[in-house]
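Coordinate analysis (summary)
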Amino acid sequence: MPNQNGATEGFRYAPLDHNTHQFRLLRLLPSSAFNSDIRCEMFPSTMDECPPYEALSYVWGDPDITVPIQLHGSGHKVTRNLELALRYIRLGDRERVIQMRSIYLGARQVVVWLGEEDDAKIALDYFQTPYNKRNEALSRTVFNACQALFLQRPWWSRTWILQEVLHHNPVLVHLGNIILSLDGICDHGSLWDLERWACEMRYPEWVERKDNELQVFETVDVGIAEFDPVMTIGEQRKLLKENPDKLTGRPEQAPTLSLIKALQSYRSHQCGRQVDKVFALIGMADLGLYEPLIDYNMSKRATYTATMQSIFERDALLLVESPQRPISSMELPSWVPDWTTQQTLLAMHLAADLKKFNTVPVSDEFPLGSLRKQEEPYSFRGDTLVLQAIHVGTIISACFTMVRFGERGPPQTVKLFKYTESPSFEQEGVNHSANVAGDYFGSILG
């Protein structure tokens, strides 16, 4: 079976010296013949002594489909997708030194293997067409090629790729023999996100959807456009290039994101192990705060619960959960999100916009009145979350209704509540926030 580098365990790794922070590099030996055997060597190095290297970002592919390569002169099996990546990026006149898993910030550049060309050239040629002639160039073939390039290639939806490409360094994308920058292909993807809306409205027969398919990649309005995977990666890289210390205030260190924002924004991305939904994003957050959470001996329940407990101390309180997760589920505590489930557009929108209910210090936006007297508005008893609270009001009726975001959005069923406000809550001067609470509660519980 392949290991974390997509290779079988036939090769014996020499132990690394963790005191000097060693890591492994792969030397891809040159060949001018495309079909010749892949020949590689692996050697340890450190950040202080390593040669210039590139980092390879790829999807492992099916672990049961393997092919042989030459590693230190002996046969060694790797996944078919890794072998293809090495074959296409191999140079004819000089060796290539590659790091295949981490240490992406120290790489001279990152090389992304997006897969073989297939019909990608059709999509890329379309974006070379002058904008005023796009309608003439558009066809169902072009539409399908663009959909395949931006929405159907597994690399875009892989959780681990985020820490591999969300940084300041150059990233080159290989599509078979086509080579272009990641920023360039993300720009095309952002344009396509806008143009495909018109295509779907004008040619609905071009769109193939399953009856119960979650529209997790639909970007129905500006408020939730950030959830498009190609657009999100492109916009984040632009932010880091234009203002590299914006997210951290520490330009000499790796850029970081809020862990809770990363977990919510990249929820649609996939990974093999459920705990990796957290571990793959911790590297983009403040590692000093969250590194103790990384423990592959912990269960999903323990990992997700510990993560939310850490987040409670810094960011959000309760998050909008997916209606696909039944209330009766005992896999996780009810207050802990299940980041392995996909969300509907409405839930994603509310999760991104819900800022009123949190555990940060009391602010003028939502003064908690009597809770000011409490040292802690919450505490934990094992897996149980204990909250201090205020009486907002009493629910007097409830009903279901349909909500649609813009013209593109699929209808969403929400449950609305009518309630009477508590007199004591009104006296605290938080009527506006109470109304917001009522609107959100209606959507959360729907």
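1. Structural notes on the packing of aromatic side chains
A complete count under the given rule lists 13 aromatic pairs for this structure. Plain terms: the ring middles of Y126 and W192 are 6.3 Å apart, the flat faces sit at 90° to each other, and that makes the pair edge-to-face. You can see Y126 sitting in helix α2 (residues 120-126) and its partner W192 sitting in helix α6 (residues 182-202), a full 66 residues away along the chain. No difference in accessibility class separates Y126 from W192, as the two residues are buried.

2. Side note on the packing of helix α4 (residues 140-151) against α6
Packing of α4 against α6 brings their axes to within 10 Å, and their N-to-C directions diverge by 130°. One way to sum up the angle between α4 and α6 is to call them oblique. Helix-helix and strand crossings are classified by hand; for α4 and α6 the assignment is left-handed. Contact residues: F143, C146, Q147, L149, F150 and L151 in α4; I185, H188, G189, W192, R196, C199 and E200 in α6.

3. Re the packing of α6 against helix α7 (residues 229-242)
Where α6 contacts α7, the axes come no closer than 8 Å and their chain directions differ by 130°. With respect to each other, α6 and α7 are oriented oblique. In this structure, the crossing between α6 and α7 has a hand that is left-handed. Here α6 contributes L182, D183, I185, C186, D187, G189, S190 and D193 to the contact with α7, which in turn contributes V230, M231, I233, G234, R237, K238 and K241.

4. Observations regarding the environment of A123
Take A123: it is sitting in helix α2. Setting aside anything within four residues of it in sequence, one finds A123 in contact with A145, C146 and L149.

5. Some details on the nonpolar core
Counting residues in hydrophobic clusters, the biggest one holds 68 residues, and the most contacted among them are L175, L182 and I185. Sorting elements by how many residues they give to this core places α4 first, with 6 residues. Core analysis: the second largest hydrophobic core is formed by 19 residues, M42, L56, L71 and I98 among them.

6. Structural notes on the confidence of the model for the protein chain
Averaged over all residues, the pLDDT of the protein chain is 75; the fraction at 70 or higher stands at 68%. When the elements of the protein chain are averaged for pLDDT, helix α14 (residues 431-444) gives the smallest value, 36, and strand β9 (residues 178-181) the largest, 96. Confidence drops under pLDDT 50 across residues 210-226; counting only partners more than four residues distant or on other chains, this segment forms 42 contacts. In this model, residues 356-374 is a region of pLDDT below 50 whose contacts with residues beyond four sequence positions or in other chains number 34 contacts.

7. Overview of helix α1 (residues 80-89)
Burial of α1 is extensive: 9 of the 10 residues sit out of reach of the surface. Inspection of α1 places N81, L82, E83, L84, A85, L86, R87, Y88 and I89 among the buried residues, and these make up the whole buried set.

8. Some points on the pairing of strand β3 (residues 54-57)
Covered by surrounding structure in β3 are E54 and L56 together with A55 and S57, the residues of both alternating faces. Here 2 bridges tie β3 to strand β6 (residues 96-99), and the two strands are oriented parallel to one another. The residue of β6 that forms the bridge with E54 is I98. With 4 bridges joining them, β3 and strand β7 (residues 109-115) adopt parallel strand pairing. Note on β7: the bridge partner recorded for S57 is V112.

9. A short note on helix α11 (residues 300-312)
When the terminal C-alpha atoms of α11 are compared, their 18 Å separation across 13 residues agrees well with the 18 Å that a helix rising 1.5 Å per residue should span. With 10 of 13 residues buried, α11 lies mostly within the body of the structure. Turning to α11, its buried residues number three or more, namely K300, T303, Y304, T305, A306, T307, M308, S310, I311 and F312.

10. Details of the sheet that holds strand β2 (residues 39-45)
Overall, mixed pairing links the 9 strands, which are arranged β5-β4-β2-β1-β6-β3-β7-β8-β9 in an open sheet. Edge positions in the sheet fall to β5 (74-79) and β9, since each of these pairs with one other strand and no more. Across the sheet, the axes of successive neighbouring strands diverge by a mean angle of 40°, strand direction being ignored. Note that strand β1 (residues 23-28) and β6 share 3 bridges and pair antiparallel. Opposite L26, over in β6, you have I98 as the bridge partner.

11. Quick look at the side chain of D193
Along the polypeptide, D193 turns up in helix α6. For D193, a relative accessible area of 4% corresponds to the buried category. For D193, the side chain forms a polar contact with the side chain of R196, separated by 3.4 Å.

Reading guide: rules and limits
Residues numbered from 1 in each chain as written. Predicted model: local features only at pLDDT ≥ 70, side-chain atom pairs only at ≥ 80, totals over all residues. Heavy atoms only, no water. Phe/Tyr/Trp six-rings, centres within 6.5 Å; stacked < 30°, edge-to-face > 60°. Helix = DSSP H or I, 4+ residues; strand = E, 2+ residues; numbered from the N terminus. Buried < 20%, exposed > 50% of the residue type's maximum accessible area, 1.4 Å probe, protein only. Axes fitted to C-alpha atoms, helices over the stretch in contact; angles between N-to-C directions. Parallel < 35°, antiparallel > 145°, perpendicular 65-115°, else oblique. Left-handed = near helix turned anticlockwise from the far one by under 90°. Contact = heavy atoms within 4.5 Å. Core = buried A, V, L, I, M, F, W, Y, C linked by side-chain atoms within 4.5 Å. pLDDT = per-residue confidence, 0-100. Pairing = 2+ DSSP bridges. Expected span 1.5 Å × (residues − 1). Polar contact = N/O pair within 3.5 Å; in protein donor to acceptor, adjacent residues only side chain to side chain.

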